Amino acid sequence: MIVPPLPYSPPREMKRPVRTAAEPALVPFITQRKGEEAAPDNLMIRVHPSGPRLYYRDEDPQRDRPMRGVLWGRCSFNPLDERQMPTGEPQWKLMHPYRQMLTMQTLRCQVCARPARTPLGFIFLTGPRDEDPTQPEIHTNQPPVCVKHARAAAALCPHLEKDPMVFLARSAPLYGVHGTLYGLNAQGDVHVVAQPDHALPFGHRNLPTFLATQLIRRISSFRVLGMEELLSELSTA
């Protein structure tokens, strides 16, 4: 896959409006904006000797299959502002599927889209009750955050409730995807079969007919810290 640089450039025909006073001063890069909508449903399933496979009718493999051949959910892009960040009213509870994938794939900060690596590893935040920190590994759909925006991400994301669980990870390999499983009904039409509440790992037998909307990493070799403890350690690293 060819990954565009982050922040990316909008299509040339789009103008780059300046942020208005009504827009928040800081919105995470991955947050979906009003006006960014899912593409029309133009899915189809073709049957191959190896089994059925989900496609877009006007598919561009380079754009639509950015991760290991998995079909990715389409969503439009708003123009960018003078800082090369998305514009529009933030839809705080939604992550833009393509921006989530880009930042997770390249381990960029979910707030500013710049490299998130710190001297001590990568910072991942989860909701205060989302994970059991005693487990040997954690699966997350939340891209990492940089040192500068760790506290801001905790404050801005409703899911984190301003009190996130903080994982400082040495290792966070790609694991799989989250999304929707499709199939054919009795009339031969494409329909939703299931929306699993868990991620499907890469290599899963259902991925050929799966439409992904989030990229998942597996956090391993980690420590769980409080936000102040984390920032204190990083300040002396």
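So, a few notes on the structure that sits alongside this text. Bear in mind the structure is a predicted one, so any value in this text is a computation, not a measurement.

Re the environment of Pro 66
Then comes step 1: Within the secondary structure layout, Pro 66 lies in the loop between helix H1 (61–64) and strand S4 (71–72).
Then comes step 2: The buried category is assigned to Pro 66, whose relative accessible area is 3%.
Then comes step 3: Separated by 36 residues in the primary sequence, Pro 66 and Leu 102 place their C-alpha atoms 9.2 Å from one another.

Notes on the pairing of strand S2 (residues 43–48)
Then comes step 1: As paired strands, S2 and strand S3 (residues 51–56) are joined by six bridges and run antiparallel to one another. Bridge pairing in S3 places Met 44 opposite Tyr 55.

Concerning the pairing of strand S8 (residues 165–171)
Then comes step 1: Most of S8 is tucked away, with five of its seven residues classed as buried.
Then comes step 2: Relative to S8, strand S6 (residues 122–126) runs antiparallel, the two being bridged by five bridges. Looking across to S8, one finds that Leu 125 is bridged to Val 166.
Then comes step 3: Judged from the five bridges that link them, S8 and strand S12 (residues 210–225) form a sheet pairing that is antiparallel. What sits directly across from Phe 167, in S12, is Val 224.

Focus on unusual backbone geometry
Then comes step 1: Positive phi, normally seen in glycine, also occurs at Arg 68, with a value near 55°.
Then comes step 2: Along the polypeptide, Arg 68 turns up in the loop between H1 and S4.
Then comes step 3: Phi is positive for Ser 221, which is not a glycine, with a value near 55°.
Then comes step 4: For Ser 221, the location among the structural elements is in strand S12.
Then comes step 5: The exposure class of Ser 221 is partly exposed, given its relative accessible area of 47%.

Considering the pattern of salt bridges
Then comes step 1: This structure, assessed with the given rule, holds nine salt bridges.
Then comes step 2: As a salt-bridge pair, Arg 74 and Asp 64 come within 2.8 Å of each other at their nearest N and O atoms. Of this pair, Arg 74 sits in the loop between S4 and strand S5 (90–95) while Asp 64 sits in helix H1; the two residues are ten residues apart in sequence, bridging distant segments of the chain. The same class applies to Arg 74 as to Asp 64, namely buried.

Observations regarding the packing of aromatic side chains
Then comes step 1: With the rule as written, the count across this model stands at two aromatic pairs.
Then comes step 2: Residues Phe 77 and Tyr 98 carry aromatic rings whose centres are separated by 6.0 Å and whose planes lie at 80° to one another, so their mutual orientation is edge-to-face. Of the two residues, Phe 77 is situated in the loop between S4 and S5 and Tyr 98 in helix H2 (residues 97–106); the sequence distance between them amounts to 21 residues.
Then comes step 3: When the ring of Phe 167 is compared with that of Phe 222, the centres are 5.1 Å apart and the planes differ by 75°; the resulting orientation is edge-to-face.

What to know about H2
Then comes step 1: H2 sits mainly inside the fold: eight of its ten residues count as buried.
Then comes step 2: By the burial criterion, the buried members of H2 are Pro 97, Tyr 98, Arg 99, Gln 100, Met 101, Leu 102, Thr 103 and Met 104.
Then comes step 3: Positive phi shows up at Leu 107, right after H2, with a value of about 55°.

A short note on helix H4 (residues 227–236)
Then comes step 1: Among the residues of H4, those classed as buried are Met 227, Leu 230, Leu 231 and Leu 234. Across the axial projection of H4, the buried residues extend over an arc of 90°, all falling on one side. In H4, those exposed residues whose orientation departs by more than 90 degrees from the buried face are Glu 228 and Thr 236.
Then comes step 2: In this structure, the buried side of H4 is in contact with S6, helix H3 (150–156), S8 and S12.

Quick notes on the state of the cysteines
Then comes step 1: Following the criterion strictly, the structure yields zero disulfides and no others.
Then comes step 2: Looking at Cys 109, it has no disulfide partner, and the nearest cysteine sulfur is the one in Cys 146, 3.6 Å off.
Then comes step 3: Cys 109 provides the cysteine sulfur closest to Cys 112, a residue in no disulfide bond, and the two sulfurs are 3.8 Å apart.

The rules behind the values
- Residue positions are given per chain, counting from 1 as you read along its sequence in written order.
- Local features in this predicted model are restricted to residues of pLDDT 70 or higher, and side-chain atom pairs are both shown and tallied only at a pLDDT of 80 or more, whereas totals for entire chains, interfaces and linings draw on every residue.
- Excluding hydrogens and water, the side-chain values take into account all heavy atoms of the structure.
- Secondary structure is summarised from DSSP: a helix means a run of H or I of at least four residues, a strand means a run of E of at least two, and numbering begins at the N terminus for each.
- For every residue, the accessible area obtained with a 1.4 Å probe (protein chains only) is divided by the maximum for its type, and the residue is called buried under 20%, exposed over 50%, and partly exposed between those limits.
- Here, any two strands with at least 2 DSSP bridges between them count as paired.
- We count a salt bridge whenever a side-chain nitrogen from Lys or Arg sits within 4 Å of a carboxyl oxygen from Asp or Glu.
- Side-chain rings of Phe, Tyr and Trp (the six-membered ring for Trp) are treated as a pair once their centres are within 6.5 Å; stacked means planes under 30 degrees apart, edge-to-face means over 60, and tilted covers the remaining angles.
- By arc we mean the arc of the directions from the helix axis to the C-beta atoms, nothing more.
- Pairs of residues are marked as contacts when any of their non-hydrogen atoms sit within 4.5 Å.
- Pairs of cysteine sulfur atoms within 2.5 Å are what we label disulfides.

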